[in-house]
Amino acid sequence: MGDVDELRSWQQETRELYHLRRGGAGGNFLVVATPGAGKTRLARTLIADLISRREVAKVVVVVPTAHLRKQWAEACAPVGIKLDYEHENGNRLADDYDGVAVTYQAVGSAPYVWRKLCSMQRTLVVFDEIHHAGDGEKLTWGPALREAFDVAERRLLLSGTPFRSDGNPIPFIHYQDGRAVHDYNYDYGKALADGGVVRPAVFPAMDGESQWRRAGAVETTSVMLTDTDKKTVPPALRAALDPNGLWIPSVLREANEALAVARIDTPDAGGLVVAARQQEAYAYCDILEQLTGERPAIAVSDEPKATDVIERFAAGDSRWIVAVQMIAEGVDIPRLAVGVYASNIRTQMFFIQVTGRFVRTRGNDDETTARLFIPSIEPLLGFARDIEKTVDAVLADEEKRIRDSQDDSGESGDDGELSLLPAYETVGSSEALHHATIASGEAITPEERERAQAILDAGAGIIPRSVTAESAALILRLGNAGHSVPEPRKAQPKAPLLRDEKMKIRRLIQKKVSRLAAIRKIPYAHLNNELNTALGRKVEGETMEQLQKRLSVLDKWLSEV
């Protein structure tokens, strides 16, 4: 084997745990890690370990797409692992290969071929993005994978997406109460807290009016995206994403302006538009070409050289690439900095996969904040708010969303159009309006962001360029008792109760302690103890005056930060 990888702390912990457990129960070991955290580096280290220790003789890496076969082979080569990424079912694997990279589809078509390979030699099977084995439209993959690989010596299962409990169990995964149980979890929230692993991401949520009518009807329905519900989201989103309307061109214009700003410090920064359909993708390319004078790259599944297009874009410095589900996961383009979510798919799994394309860091000096423009609809707003929470914290809610969404014809992304004729036709859409920007799980109003940007502009040359308007707005909000923009006072039928008023102050204190702990990168409990020591008492039993004093101390500490 080649040079040993220099591992991050989470990778080293996982490596040690893997060998301590001797590959996990039944030879199955599941790692859930956020996109960009380094699952491939971890996997190739474990492959090298097992081969050098003679615990396995060969490795089979199973991937979602053909593009990733070559990417895995290239990733493993520096440590001396030779993978055949063009191996075809039935062909003999040459002895000078350590293994092979193959797609789920290929295994599903001939599982007996892979069973024979695993039976002949002790084999490690690495499943990249194992959740694909449970995809509803590919239910045959699960049984095929079990038939092919249940005789393997070891199985390493990787995923960057929270698992869903939708009645389609994934092979080799252990379930408890219907939920997949991981051996190691390193999600986006933990990676962001560690620093230097992934970039922070913000989500400008774009509102606007959509208009449509039922097929054959005269009456037009109009609704703001923010006001949509389960029934109106599919037609409203379709109207907003229609390139003949005003909404998506105005969003592309704003996104292109954001990319221009990003390219000031990072000249090769790129942008990605995730489109719903090929027809729209080509139209978006036309719009972006008019804005930039440069024809964007386009990657659609029907194009035979789509993989080459992606590789050229990743290695170049052009501005934009437009894709239709070709760049969802596993594709590594670290220079992506700005994105537009123009897909009609509204599942947390796909949303996290798309977000993962933008949070891959380019090293310790990378100060980029990723910016993904999204329609201001639920559940996308909720996904953006939850993006920094741990997998375990949101998994139960996600399972409920999946169960509920199975009753919602639009959730799968087909907009519920099951007949030959469309259920509705698009009338038009307004230009996009900033509803809010989601950052660190909180919605920042346009007014707050504008105020923060004005302060940053005034401090140009003094305040580092890496400080974003969103992070400044959050600090300003904390320094102003949680409100940068005054809210109208509501009439109170009764005088407020002291307990209620004190509870409001205590909730605000908790919020500020959480924010300051995140800024200083120390545990919440440690900062809370530090505050109690400074005041000489705990928050329980404090008078209103004492609570206000506690708040003042926190504000002072925040201002010093």
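Residues numbered from 1 in each chain as written. Predicted model: local features only at pLDDT ≥ 70, side-chain atom pairs only at ≥ 80, totals over all residues. Heavy atoms only, no water.

K.L.:
Can you help me understand the pattern of salt bridges in this one?
P.N.:
When the charged atoms of two side chains lie near each other, side chains of opposite charge can form a pair. Enumeration over the complete set of coordinates arrives at 25 salt bridges. A salt bridge links Glu280 to Arg277; the shortest N-O distance between them is 3.5 Å. Note that Glu378 and Arg385 form a salt bridge whose closest N and O atoms lie 3.0 Å from each other. Residue classification places Glu378 among the partly exposed positions, given a relative accessible area of 42%. When salt bridges that share partners are traced, they join Arg53, Glu55 and Arg154 into one network. (Salt bridge = Lys/Arg side-chain N within 4 Å of Asp/Glu carboxyl O. Buried < 20%, exposed > 50% of the residue type's maximum accessible area, 1.4 Å probe, protein only.)

K.L.:
Looking at this structure, I do not really get the environment of Asn89. What am I missing?
P.N.:
With respect to the element layout, Asn89 can be found in the loop between strand S3 (83-84) and strand S4 (99-103). When its relative accessible area of 29% is taken as the criterion, Asn89 is described as partly exposed. When the C-alpha positions of Asn89 and Ala110 are compared, they lie 7.0 Å apart, and in sequence the two are 21 residues distant. Of note is the side chain of Asn89, whose polar atom sits 2.9 Å from the backbone oxygen of Ala106. A polar atom in the side chain of Asn89 sits 3.1 Å from the side chain of Trp114. (Helix = DSSP H or I, 4+ residues; strand = E, 2+ residues; numbered from the N terminus. Polar contact = N/O pair within 3.5 Å; in protein donor to acceptor, adjacent residues only side chain to side chain.)

K.L.:
Mind showing me how you'd approach the nonpolar core here?
P.N.:
A general feature of soluble globular proteins is that nonpolar side chains tend to end up buried together. Ranked by size, the top nonpolar core spans 106 residues in total, and within it Trp72, Val126, Leu156 and Ile374 carry the most contacts. Sequence-distant contacts of Trp72, defined by excluding residues within four places in its chain, comprise Thr40, Ala43, Val61, Val63, Leu83, Val126, Asp128 and Leu158. Counting residues in each nonpolar core, the second largest holds 29 residues, with Val60, Tyr104, Ala110 and Ile130 among its members. (Core = buried A, V, L, I, M, F, W, Y, C linked by side-chain atoms within 4.5 Å. Contact = heavy atoms within 4.5 Å.)

K.L.:
Sorry, what's going on with the environment of Arg506 here?
P.N.:
Here Arg506 lies in helix H17 (residues 498-520). The exposure class assigned to Arg506 is partly exposed, which follows from its relative accessible area of 25%. Between the C-alpha atom of Arg506 and that of Gln548, which follows or precedes it by 42 residues, the distance is 9.4 Å. With residues up to four places along the chain from it excluded, the contact list for Arg506 reads Val539, Glu540 and Leu547.

K.L.:
Honestly, helix H12 (residues 348-355) in this entry has me stumped. Any pointers?
P.N.:
It helps to recall that an α-helix has 3.6 residues per turn; residues three or four apart then point in one direction. In terms of burial, H12 is largely enclosed, as 8 of its 8 residues are buried. Buried residues of H12: Gln348, Met349, Phe350, Phe351, Ile352, Gln353, Val354 and Thr355, and no others.

K.L.:
Looking at this model, I keep getting lost on the packing of helix H5 (residues 111-120) against helix H6 (residues 141-149). Mind explaining?
P.N.:
It is the contact of H5 with H6, at a shortest axis distance of 7 Å, that shows an interaxial angle of 25 degrees. One way to sum up the angle between H5 and H6 is to call them roughly parallel. Seen along the crossing, H5 lies across H6 with a hand that is right-handed. The segment H5 lies against H6, with Pro111, Trp114, Arg115 and Cys118 engaging Ala144, Arg146, Glu147, Ala148 and Phe149. Of the residues in the contact of H5 with H6, the class split is 6 nonpolar, no polar and 3 charged. (Axes fitted to C-alpha atoms, helices over the stretch in contact; angles between N-to-C directions. Parallel < 35°, antiparallel > 145°, perpendicular 65-115°, else oblique. Left-handed = near helix turned anticlockwise from the far one by under 90°. Nonpolar A, V, L, I, M, F, W, Y, C, P; charged D, E, K, R; others polar.)

K.L.:
Would you mind showing me how to read the sheet that holds strand S2 (residues 58-63) here?
P.N.:
One open sheet holds the 7 strands; their spatial order is S3-S4-S2-S5-S6-S1-S9, and the pairing between them is parallel. If you trace the sheet from one side to the other, it starts and ends with S3 and strand S9 (184-186), each paired once. Where strand S1 (residues 28-33) and S9 come together, 3 bridges link them in parallel fashion. Bridging from a neighbouring strand, Val32 pairs with Asn185 of S9. Contacting S1, S2, strand S5 (123-127) and strand S6 (154-159), helix H2 (residues 39-52) crosses the sheet at an angle of about 170 degrees to S6. (Pairing = 2+ DSSP bridges.)

K.L.:
When you look at the sheet that holds strand S11 (residues 209-214) in this model, what are you seeing that I'm missing?
P.N.:
Pairing between the strands of a sheet comes from backbone hydrogen bonds, and it takes one of two forms, parallel or antiparallel. If you trace the 3 strands from one edge of the open sheet to the other, you get S12-S11-S18, paired in antiparallel fashion. Sheet topology places strand S12 (221-224) and strand S18 (424-429) at the edges, where each strand pairs with a single neighbour. Strand-to-strand twist in this sheet, taken as the mean axis angle between neighbours without regard to direction, amounts to 25 degrees. Summarising the sheet, S11 and S18 pair through 5 bridges and their orientation is antiparallel. Looking at S18, one finds that Gln211 is bridged to Gly428.

K.L.:
I would appreciate a short explanation of the packing of aromatic side chains in the present structure.
P.N.:
Where two aromatic rings form a pair, the distance of their centres and the angle of their planes describe that pair. Under the defined criterion, the tally for this structure stands at 10 aromatic pairs. Each ring, one from Tyr18 and one from Phe29, has its centre 5.1 Å from the other, and the planes form 75 degrees; the classification is edge-to-face. Separated by 11 residues along the polypeptide, Tyr18 in helix H1 (residues 9-20) and Phe29 in strand S1 bring together distant segments of the chain. Pair check on accessibility: Tyr18 and Phe29 agree, each one buried. Taken together, the aromatic side chains of Phe203, Tyr341, Phe350, Phe351 and Phe383 make up a single cluster linked through ring pairs. Note that Arg146 overlies the ring of Phe172, its terminal NZ or CZ placed 5.2 Å from the centroid. Just above the ring of Phe313 sits the side chain of Arg335; from NZ or CZ to the centre is 4.1 Å. (Phe/Tyr/Trp six-rings, centres within 6.5 Å; stacked < 30°, edge-to-face > 60°. Lys NZ or Arg CZ within 6 Å of the ring centre and 35° of its normal.)

K.L.:
Any chance you could explain the side chain of Arg550 here in plain terms?
P.N.:
Relative to the helices and strands, Arg550 is located in helix H19 (residues 544-560). With a relative accessible area of 1%, Arg550 lands in the buried category. Non-local contacts of Arg550, meaning those with residues more than four positions away in its chain, are made with Ile509, Leu531, Asn532, Leu535, Arg537, Lys538, Val539 and Glu542.

K.L.:
Help me out: how do you make sense of the environment of Met544 in this one?
P.N.:
Relative to the helices and strands, Met544 resides in helix H19. Taking the C-alpha atoms as reference points, Met544 and Arg506, separated by 38 residues in sequence, lie 9.8 Å from one another.

K.L.:
Just checking my understanding: could you explain a nonpolar patch on the surface for this structure?
P.N.:
Together, Ile475, Ile519 and Val561 line one region of the surface with nonpolar side chains, adding up to about 240 Å² of accessible area. Counting through the fold element by element, Ile475 comes out in helix H16 (residues 469-479). (Patch = residues over 30% accessible without salt bridge, like charges linked within 9 Å, V, L, I, M, F, W, Y side chains within 5 Å. Areas by Shrake-Rupley, 256 points an atom, 1.4 Å probe, with all protein chains shown as cover.)

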